Amino acid sequence: LRKAGIKVWMLTGDKVETAVCIARSTKLVDRSQQILHITGTSATMLVPQFDDFAASAASTDSGIAIVIDGSTLAVCLSELQDRFV
């Protein structure tokens, strides 16, 4: 899927660390890929993290994976739809 340029969302009910292990073991995320953890309870906290992600993504060829916990995902979907989806 990565080679085809298809973006995949993996949603789990697991802890963040477990989700990262699952993503790596299923090869959704390559061992050489950077994983960026985004967490926050408000748009003010999240916008700089998304800016960092965009800068990192532009400067790497191996791709970057994002890991977001449930409460952060809720903020992203309610307050940052234009930047997140």
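Our structure's up above, just so we're on the same page.
Below is a summary of the structure that appears in this document. Bear in mind the structure is a predicted one, so any value in this text is a computation, not a measurement.

With that settled, consider helix α3 (residues 70–79). Here α3 has its buried residues at Thr72, Val75 and Cys76. For α3, the angular spread of buried residues about the axis comes to 100 degrees, placing them on one side. When the buried face of α3 is taken as reference, the exposed residues oriented beyond 90 degrees from it are Gly70 and Ser78. Those residues of α3 hidden inside the fold are in contact with β1 (34–38), α2 (43–58), β2 (64–68) and α4 (81–84).

Moving on to the nonpolar core. Residues Ile38, Ala43, Leu46, Phe50, Val75, Cys76, Leu80 and Phe84 constitute the largest nonpolar core, which totals 8 residues. When contributions to this core are tallied by element, the ones reaching two or more residues are α2 and α3. Among the elements that line this core, the one with the most residues is α2, at 3 residues. Every residue in contact with Phe84, bar those within four places of it in the chain, is listed here: Trp9, Phe50, Ile68, Leu73, Cys76 and Leu77.

With the exception of glycine, the majority of residues adopt a negative phi angle, and the majority of peptide bonds are in the trans configuration. A positive phi is found at Lys27, a non-glycine position, where the angle reads about 65 degrees. Among the secondary structure elements, Lys27 is positioned in the loop between α1 (16–25) and β1. The exposure class of Lys27 is exposed, given its relative accessible area of 61%.

What counts and what doesn't
Residues numbered from 1 in each chain as written. Predicted model: local features only at pLDDT ≥ 70, side-chain atom pairs only at ≥ 80, totals over all residues. Heavy atoms only, no water. Buried < 20%, exposed > 50% of the residue type's maximum accessible area, 1.4 Å probe, protein only. Helix = DSSP H or I, 4+ residues; strand = E, 2+ residues; numbered from the N terminus. Arc of directions from axis to C-beta. Contact = heavy atoms within 4.5 Å. Core = buried A, V, L, I, M, F, W, Y, C linked by side-chain atoms within 4.5 Å.

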